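# Chain and residue survey
Okay, here's what each chain looks like letter by letter:
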Amino acid sequence: MSYTFALAGNPNCGKTTMFNEITGSTQYVGNWPGVTVEKKEGRARRFKEEIKVVDLPGIYSLSPYTMEEIIARDYILDEKPDVVINIVDASNIERNLYLTTQLVELGVPVVVALNMMDVVTTRGDQINLKKLSELLGVPVVPASASKGQGIHDVMQKALVVAQTAATVEVEVPKLRFDAKMEKCLDEVQNLIAAYADRHHYHKRWVALKLLEEDQEIKKKLDLPANVEKDIQNCIAQLENEFDNDTETIIADGRYQYIADVVAEAVKKKNTGSTLTVSDKIDKIVTNRIFAIPIFLLMMWMVFRVTFGAVGSWTIDFVDGLVNDTIAGALSSGLEAAGAAEWLHALVIDGIIGGVGSILVFVPQIMILFFFMALLEDSGYMARAAFIMDRALRKLGLTGKSFIPMLMGFGCSAPAVMATRTLENEKDRKLTIILTPFMSCGARMPIYLLFGAAFFAQNQSTMIFSIYILGIVVAIISGIILKKTLFKGEAAPFVMELPPYRIPTLKGLFIHMWDRGKAFLIKAGTVIFSAAVIIWFCQTFSFTLQMVEDPADSILGVIGHAIAPIFAPLGFGDWRSAVAIFTGLVAKEVVVATLGILHGLGEVAEDSMELHTALQTYFTPLKAYAFMAFTLLYFPCIAAFGAMKRELNSWKWTLFAVGYQTGIAWIVAFLIYNVGRLFGLT
Amino acid sequence: MQRTLKDLKPGETGRVAKIDGKGPVKRRLMDMGVTRGTEILIRKVAPLGDPIEVNVRGYELSFRKAEAESIILE
């Protein structure tokens, strides 16, 4: 027999940890069909039975207002997993049970995994599990995912439930609303019974959703006009009697029920008058005076470690490994095998030269992703949003935009996808347009190369200034766009500040690896192919003759053709023009292209060779203008794809990348020409 | 004048009577546990003056003063 279990729970309830513990290395990360919300699947370890585990998006409710909530409920309703494992944060039980009350109404067996029991015990609170299970009408199993406790018990229980599901009737939800509401619910259930059965939906749940005027369900059921009218009458009658809308009556009813359950099953040691560790940390971290300096200091420290001594050391290490050891071995291997000269050139100059120049930056990018994971998993990211909200609102954004923006320093593509957490479409659009201005990891090689070649004395300051430039451009753009295209009311901001948690090293590494992997795959696929194509285009002419001078090659011709566009910006050389052109594929390719164009795959003992080559046609001022241009123009194919999917409109996507490229040109122009006015070179 | 959550200072507590408005924001607030009869403790105001942090149902929630103004107290 094979089974499917779905994991559902609030954000920050330890769901990801639980999922990692259950599935181990069998995880598969993809997307939900048609949308860009992440879908994770895996196989449960340590079970004879074939158990597929699906990680649903972290949600607070099953309302129809966010993509994540709609995905989660559609999955449960339409795919009918054998069991829904509802992970409940026991240390924040009231709000977590709100989702539980909705899950049990869907008509699929639910097992509650009462997570973070260790926190509850430490606090000295007591939860009567038997009572809780009785009151909720579903099995409750205690666990502490972060300590690896109780996970097997949860799975065991879920398996038993799945195996007996066919013979045991799913319990009717214990939650009962006010008598008047129940009467209406009965009426509506009778009205829609046939329609709900057709979709195999639970009648009571459908009736509730219809009373809430849930548009998604209405669309799915496609009720005849007379039934709709009867339902409208019920709603009007209820709203009249309660002097409130039905959504409110139902939400009130749920929390009322939860309060009763908690009062009976949970014994709290104190009433929350003492300060928790989290409160104490927050006293300092979100303090009126210290918050912003601390925030800036943290960002600066992440930078120092990533781009300072630790980062440079990793670069030297990988550089030696790839360009000396591997390239050397391959080169002599190919010669020994008597490979043709062109094949030798392709492998050493094209592939090693192209992919190798990217690989050296992988450790640094991993370090950056590690810090991102640390900030996110510890709970600081939410504080950053809290601190920065007011400032971001001035740009027409919300504090929540801050998280995708910050992720943008890692990689624009997932950052653009992360805008899904913004409920408001205007916020989302603007955040998507501005996020690529945050300098992503892929652009770092460009700055590192040019920084080392032209600003040896003050490399990290110059690189830091490029990052600041991106932020400044985003701020100015935000203000302009807010006043023009995105006029109107500020969007709401409602966000949980989860307690600080010490992330587990394992969790951090999984998180880092998940993101870093995407980067490596890109290096292996897109950049690999790009490297081969670029090598081909710079080795052959349009007549497919091998050329001596790359200037006569296909790329050389393209480069010469587009170079005049960049002449006013200071870098009118055909080679930099080619690098910008190929950089459309991915920003890493810019450096790879320069490496290939200078034929350095074979000779590069270290990048000093490339530095010297670049110094022949760049000056520090030109180099800086070039860095600024590559920071701001069209992000890359992957980010473009993500933007298209998230914006869901060609018009907006083209506007976004057009705007970015236009701004890039203007800024680089200003840097070069204003710089020259001040006598810089 | 109705008293709203916005009128409270950090350290003060209020009990929710109702939330003004309709639609996603109101629903989100209710989903997060801000419903009739709930006690809300104002924790602090963000360094730049907005949003605010409150304690509701034993956890920390943050929203803007504009949202606080729509939460009417008993």
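Structure report, in brief. As the structure is a computational prediction, the values presented were derived from the model and not from experiment.

Reading guide: rules and limits
- Residues numbered from 1 in each chain as written.
- Chains lettered and ligands numbered in written order.
- Predicted model: local features only at pLDDT ≥ 70, side-chain atom pairs only at ≥ 80, totals over all residues.
- Heavy atoms only, no water.
- Helix = DSSP H or I, 4+ residues; strand = E, 2+ residues; numbered from the N terminus.
- Buried < 20%, exposed > 50% of the residue type's maximum accessible area, 1.4 Å probe, protein only.
- Contact = heavy atoms within 4.5 Å.
- Areas by Shrake-Rupley, 256 points an atom, 1.4 Å probe, with all protein chains shown as cover.
- Buried area = accessible area lost by both parts, 1.4 Å probe.
- Salt bridge = Lys/Arg side-chain N within 4 Å of Asp/Glu carboxyl O.
- Polar contact = N/O pair within 3.5 Å; in protein donor to acceptor, adjacent residues only side chain to side chain.

### With respect to the overall build of chain A
Helix and strand content of chain A: 32 helices and 10 strands. Its C-alpha atoms give chain A principal-axis dimensions of about 85 × 60 × 55 Å. A burial count over chain A gives 57% of its 681 residues as buried. Contacts in chain A between residues far apart in sequence, at least 24 positions, make up 72% of those at least 6 positions apart. Put simply, chain A shows about 28500 Å² of open surface, and 61% of that area lies on carbon and sulfur atoms.

### Structural notes on the interface of chain A and chain B
Every contact between the two is made by 51 residues of chain A and, on the other side, 34 residues of chain B. Of the roughly 3700 Å² buried between chain A and chain B on both sides combined, carbon and sulfur atoms contribute 53%. On the chain A side of the interface with chain B, the three residues burying the most area are Arg-288, Phe-386 and Val-494 of chain A, jointly 17% of the side's total. Applying the counting criterion to the chain A and chain B interface returns 9 salt bridges. Summed over the shared surface of chain A and chain B, the result is 18 residue pairs in polar contact (both at pLDDT 80 or more). Secondary structure elements with two or more residues in the side of chain A that touches chain B: helix H3 (93-103), helix H11 (246-265), helix H12 (277-285), helix H13 (291-307), helix H17 (380-393) and strand S10 (494-496) of chain A.

### Observations regarding the side chain of Arg-95 of chain A
Summarising the element assignment, Arg-95 of chain A is placed in helix H3. A polar contact of 3.3 Å, which involves the side chain of Arg-95 of chain A, links it to the side chain of Glu-496 of chain A. Not counting residues up to four positions away in its chain, the partners in contact with Arg-95 of chain A are Asn-10, Pro-11, Tyr-60, Tyr-255 and Glu-496 of chain A together with Asp-31, Met-32 and Tyr-59 of chain B.

### Quick word on the environment of Leu-97 of chain A
Residue and element names in this part refer to chain A. Tracing the backbone through its elements, the reader meets Leu-97 in helix H3. Separated by 535 residues in the primary sequence, Leu-97 and Leu-632 have C-alpha atoms spaced 46 Å apart. Among all residues touching Leu-97, those that are not within four sequence positions of it are Val-88, Leu-132, Leu-136, Ile-258 and Val-262.

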